[in-house]
Amino acid sequence: MPHPPPLAGITVLSLEQAVAAPFATRQLADLGARVIKVERPGGGDFARRYDTTVHGEASYFVWLNRSKESLTLDVKSPEGQRILRELLAGADVFVQNLAPGAADRLGLAAADLQARHPSLITCTVSGYGTSGSWADRKAYDMLLQCQTGLLSLTGTPAEAVRVGISVADIAAGMYAYSGILSALFTRATTGRAPAVEVTLFDALAEWMSQPAYYTRYGGTQPPRVGARHATVAPYGVFTAADGKEVLLSVQNEPEWAALCEDFLGRPELVADPRFADGSARVAHREELDAAVQARFTELTGAEATALLDAANIANAGVNSVPDFLDHPALTERGRWRDVGLPGAAPDFQALVPPADLSGVSPRMEPVPGVGEHTERILAELGREAADIERLRAEGVIS
């Protein structure tokens, strides 16, 4: 018999936009939390207009906002602030990633809220934190990739290349999500409701730890090496005789021996001083990669993959996004689920959340239209129909 979602009964109020905070709250919604998303009257979250590729809706927005309730509210107006205060009084968690300084101007700073609502968990997501000389700077994803040095690691020796997804936002959203879960556990076990603060910079800085340590203690940063690994060899993409690209990875001595003996057919390379250990193989990467590539030119992609599999060498075809969509690790395990869209748009297919909890089905309800739940939420707060119409006429809601 299915178990109830672990966050059933938890209410999350979120003044959110773009990616980081919506990713955190969507994951809370996946676990059963009620997430009330406060949007601007009229247009709503600007991420709704990033593109129109998913049956007229934005790919970013449908990814990040399923299972939420949308409330339009002018939070700068006196009436909007009253409604916000009522919602905060009934919330367990408040999340915001407003522009720098905006939360303070609205009286929504974490310290102020916790003074008024001691059991409320607050989560602030920002670019560089709420203090320090960088607090007021804009922090879009690619800017963070530059500031943390990530851009200096990705690409080829001739050109730096951004990571192709919003990696800083995703990292911050994950840490906000885990921070909120930790705070909910703390509140449940001690009664204390800690404040959570996550910055995009700190989140991506954590992910930069290995190259940071390598650089600080090795004297030079890892080079940009394209689709190869900066500190492991052989680890990269090779082209077979039929043009198929295959990535292989050798990470330890038994694998190195297997590659030499079972794939390259050159057992003498196992004891070659140029390739005696991981550091030596990196130092002689060009010679090593040339030897591996020479073998690939004798084989088709399928033949190379079969030999690598037989030798238990990790490998992968270089997939396109369409290849990924039909990957057997997704299709054979039922990892796609239909999710509804606003209005009469057909459903779209969304990936099931990656953390499977035994006996619990993830909540994957429709993506809301702008302000779709405004009237219902206000009615729960005791507003009559005439009052709601007045608020709409005054532009407090839409």
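Keep in mind that what you see is a predicted model, and the values were worked out from it rather than measured. (Residues numbered from 1 in each chain as written. Predicted model: local features only at pLDDT ≥ 70, side-chain atom pairs only at ≥ 80, totals over all residues. Heavy atoms only, no water.)

## Looking at the sheet that holds strand β5 (residues 121-126)
Alright, step 1. Strand order in the open sheet made by the six strands is β3-β2-β1-β4-β5-β8, with parallel pairing throughout. Bordering the open sheet on either side are β3 (69-72) and β8 (196-199), each of which pairs with just one other strand. Averaged over neighbouring strand pairs, the angle between their axes works out to 20° when direction is ignored.
Alright, step 2. Strand contacts of helix α3 (residues 78-89): β1 (11-15), β2 (34-39), β3 and β4 (93-96), with the helix running at about 145° to β1, the strand carrying the most contacts. (Pairing = 2+ DSSP bridges. Helix = DSSP H or I, 4+ residues; strand = E, 2+ residues; numbered from the N terminus. Axes fitted to C-alpha atoms, helices over the stretch in contact; angles between N-to-C directions. Contact = heavy atoms within 4.5 Å.)

## Things to note about the environment of Ser152
Alright, step 1. Mapped onto the elements of the fold, Ser152 is located in the loop between α6 (141-147) and β6 (155-156).
Alright, step 2. The sequence separation of Ser152 and Pro222 amounts to 70 residues, and the corresponding C-alpha distance is 9.1 Å.
Alright, step 3. Ignoring any residue separated from it by four or fewer positions in sequence, one finds Ser152 in contact with Gln221 and Arg224.
Alright, step 4. For Ser152, the side chain forms a polar contact with the main-chain oxygen of Gly149, separated by 2.6 Å.
Alright, step 5. Among the polar contacts listed, one links the side chain of Ser152 to the side chain of Gln221, at a separation of 3.2 Å. (Polar contact = N/O pair within 3.5 Å; in protein donor to acceptor, adjacent residues only side chain to side chain.)

## Comments concerning the layout of surface pockets
Alright, step 1. Put simply, the largest pocket is a space of about 1200 Å³.
Alright, step 2. Every residue lining the largest pocket is counted, 41 residues in all, and those nearest its centre are Arg26, Trp63, Leu351, Val352 and Pro354.
Alright, step 3. Residue assignment for the lining of the largest pocket shows that the elements contributing at least two residues are α1 (20-30), α2 (59-64), α7 (167-190), α14 (321-325), β12 (336-339) and β13 (348-351).
Alright, step 4. Here the lining of the largest pocket is composed, by residue class, of 28 nonpolar, seven polar and six charged.
Alright, step 5. As for the second largest pocket, its lining consists of 40 residues, and the residues nearest its centre are Asn97, Leu98, Ala99, Pro100 and Gly127.
Alright, step 6. Those elements that provide at least two residues to the lining of the second largest pocket are α4 (102-105), α5 (110-116), β5 and β8.
Alright, step 7. Counting residues per element, the lining of the second largest pocket draws most heavily on β5, which supplies four residues.
Alright, step 8. By residue class, the composition of the lining of the second largest pocket is 22 nonpolar, eleven polar and seven charged. (1 Å grid on protein atoms, 1.4 Å probe; cavity = no way out; pocket = protein on both sides within 12 Å on 5 of 7 lines; lining within 4 Å. Points joined across faces, edges and corners; volume = space filled by probe spheres on them. Nonpolar A, V, L, I, M, F, W, Y, C, P; charged D, E, K, R; others polar.)

## Considering α3
It helps to recall that an α-helix has 3.6 residues per turn; residues three or four apart then point in one direction.
Alright, step 1. In this model α3 runs 17 Å from its N-terminal to its C-terminal C-alpha over twelve residues, within 8% of the 16 Å that 1.5 Å per residue would give.
Alright, step 2. For α3, every residue scored as buried is listed here: Glu79, Gly80, Ile83, Leu84, Leu87 and Leu88. (Expected span 1.5 Å × (residues − 1). Buried < 20%, exposed > 50% of the residue type's maximum accessible area, 1.4 Å probe, protein only.)

## Notes on the packing of aromatic side chains
Alright, step 1. Enumeration according to the criterion identifies nine aromatic pairs in this entry.
Alright, step 2. For the ring pair Phe263 and Phe296, a centre distance of 5.3 Å and an interplane angle of 55° mean the geometry is tilted. Of the two residues, Phe263 sits in helix α10 (residues 253-264) while Phe296 sits in helix α12 (residues 285-296), which places them 33 residues apart along the sequence.
Alright, step 3. Relative accessible area serves as the criterion here: at 0%, Phe296 is assigned to the buried category. (Phe/Tyr/Trp six-rings, centres within 6.5 Å; stacked < 30°, edge-to-face > 60°.)

## So, the nonpolar core
Alright, step 1. In terms of nonpolar packing, the biggest core is built from 37 residues, with Val12 and Val93 touching the most fellow members.
Alright, step 2. Elements with a minimum of two residues in this core: α1, β4, β5, α7, β8 and α8 (200-207).
Alright, step 3. In terms of residues, this core owes the most to one element, α7, which gives nine residues.
Alright, step 4. Leaving out residues up to four positions away in the same chain, Val93 has contacts with Ile10, Thr11, Val12, Leu13, Leu120, Ile121, Ile180 and Leu184.
Alright, step 5. The next biggest cluster of nonpolar side chains, apart from the first, holds 24 residues, and it includes Ile83, Leu87, Phe94 and Leu378. (Core = buried A, V, L, I, M, F, W, Y, C linked by side-chain atoms within 4.5 Å.)

## Topic: a nonpolar patch on the surface
Alright, step 1. On the surface, Val321, Phe324, Leu325 and Leu351 cluster together into a nonpolar patch covering about 330 Å² of accessible area.
Alright, step 2. The biggest single contributor to the nonpolar patch is α14, with three residues.
Alright, step 3. Looking at the element boundaries, Leu325 is found in helix α14. (Patch = residues over 30% accessible without salt bridge, like charges linked within 9 Å, V, L, I, M, F, W, Y side chains within 5 Å. Areas by Shrake-Rupley, 256 points an atom, 1.4 Å probe, with all protein chains shown as cover. Salt bridge = Lys/Arg side-chain N within 4 Å of Asp/Glu carboxyl O.)

## Focus on the environment of Arg26
Alright, step 1. Among the structural elements, Arg26 can be located in helix α1.
Alright, step 2. Here the alpha-carbon distance between Arg26 and Lys68, two residues 42 residues apart in the chain, equals 7.4 Å.
Alright, step 3. In contact with Arg26, other than residues within four places in its own chain, are Trp63, Leu64, Asn65, Arg66 and Lys68.
Alright, step 4. At a separation of 3.2 Å, a polar atom in the side chain of Arg26 contacts the main-chain carbonyl oxygen of Trp63.

## Description of the pattern of salt bridges
Alright, step 1. With the rule as written, the count across this model stands at 27 salt bridges.
Alright, step 2. Across the salt bridge formed by Glu380 and Arg34, the nearest N and O atoms sit 2.9 Å from each other. Placement of the pair is Glu380 in helix α16 (residues 374-380) and Arg34 in strand β2, with a sequence separation of 346 residues.
Alright, step 3. Exposure remark for Arg34: the relative accessible area of 23% places this residue in the partly exposed category.

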